[in-house]
Amino acid sequence: EGRFEVYSHESASSLLLAAEKQGHVRQRGAKVEVGDRSVRLVLGSGGVIEGRVLLPPEFPLGELQIHRLFGGGTQQTLSPRADGSFRFAGCVSGTHKLAFQLRPWKPVLELGSLVVEGESSCSDPRLREIDLRGLVSTLRVRVLDASGEPLAERSLHLSVDGGPHLARDIRTDAAGRLLLG
């Protein structure tokens, strides 16, 4: 049990205390009146949104980012596990959205209206198998210098349109190859 004391340079008739910890849902503020001797703040573990994406064979999993959106912004971002599964824990109650993105491009799919209640798992059947095989593909790239030799283990800047908006940094392997999603 954590204990602490609160001091302030300014006078107030009450305080609003809130607690948060990574991996837990932030506690709503508890009003504490001057003179109160104790307050109890309880952190919940939150709900869960989990599912599985289906991807083309050899698709580089690190290329796919799954964003959990809530309250007007991205709350968490992750890549799927080797089997295509993903799990967002610590979700607050309410309606969430998932965006499946190959950065830096726009999402290839958005799944909205995912309802989380309390500390339960979202039971939306669309999460069982999210088929992205028709929306993404794998591109094998081999980078060579002017003499035809591979550019091994090099950091390069990839731009789709020659501008900065659709660009990202990439790295080749020992043979000058890389996979892009």
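Quantities reported herein were computed from a predicted structural model and do not represent experimental measurements. Counting of residues starts from 1 at the beginning of each chain's written sequence and follows it residue by residue. Predicted model: local features are reported for residues with pLDDT of at least 70 only, side-chain atom pairs are reported and counted for 80 or more only, and whole-chain, interface and lining totals are derived from all residues. Side-chain metrics rest on all non-hydrogen atoms present in the structure, leaving aside hydrogens and water.

Colleague: Break down the overall build of the protein chain for me, citing the residues and quoting the values.
Modeller: In this description a helix means any DSSP run of H or I spanning at least four residues, a strand means any run of E spanning at least two, and both kinds are numbered starting from the N terminus. Assigned secondary structure in the protein chain consists of zero helices and 13 strands. Starting at the N terminus, the α and β elements of the protein chain follow one another as β-β-β-β-β-β-β-β-β-β-β-β-β. Taken over the C-alpha trace, the protein chain has a radius of gyration of 23 Å; the compact-globule value for 181 residues is 16 Å, which it surpasses by more than 25%. Projecting the C-alpha coordinates of the protein chain onto the three principal axes gives extents of approximately 80 × 45 × 30 Å. Out of the 181 residues belonging to the protein chain, those deemed buried represent 31%. Here the globule rule reads 2.2 Å times residues to the power 0.38, and the radius of gyration is calculated from C-alpha atoms. Only protein chains enter the accessibility calculation, which uses a 1.4 Å probe. A residue is then buried if its area is under 20% of the maximum for its type, exposed if over 50%, and partly exposed in between.

Colleague: Which residues make up the environment of Asp173, and what values do they have?
Modeller: With respect to the secondary-structure elements, Asp173 resides in the loop between strand S12 (167-171) and strand S13 (177-180). In this structure Asp173 comes out as partly exposed when scored by relative accessible area, which is 30%. Sequence separation between Asp173 and Leu151 is 22 residues; the distance between their C-alpha atoms is 8.5 Å. Setting aside residues up to four positions removed in sequence, Asp173 forms contacts with Leu151, Ala152 and Glu153. Side-chain atoms alone can form a polar contact between residues adjacent in sequence; in general such a contact is a pair of N or O atoms within 3.5 Å, and within protein one must be able to donate a hydrogen while the other accepts it. Within the structure, the side chain of Asp173 is placed 2.9 Å from the backbone nitrogen of Ala175, a separation counted as a polar contact. The contact definition used throughout considers only heavy atoms, calling two residues in contact when any of these lie within 4.5 Å.

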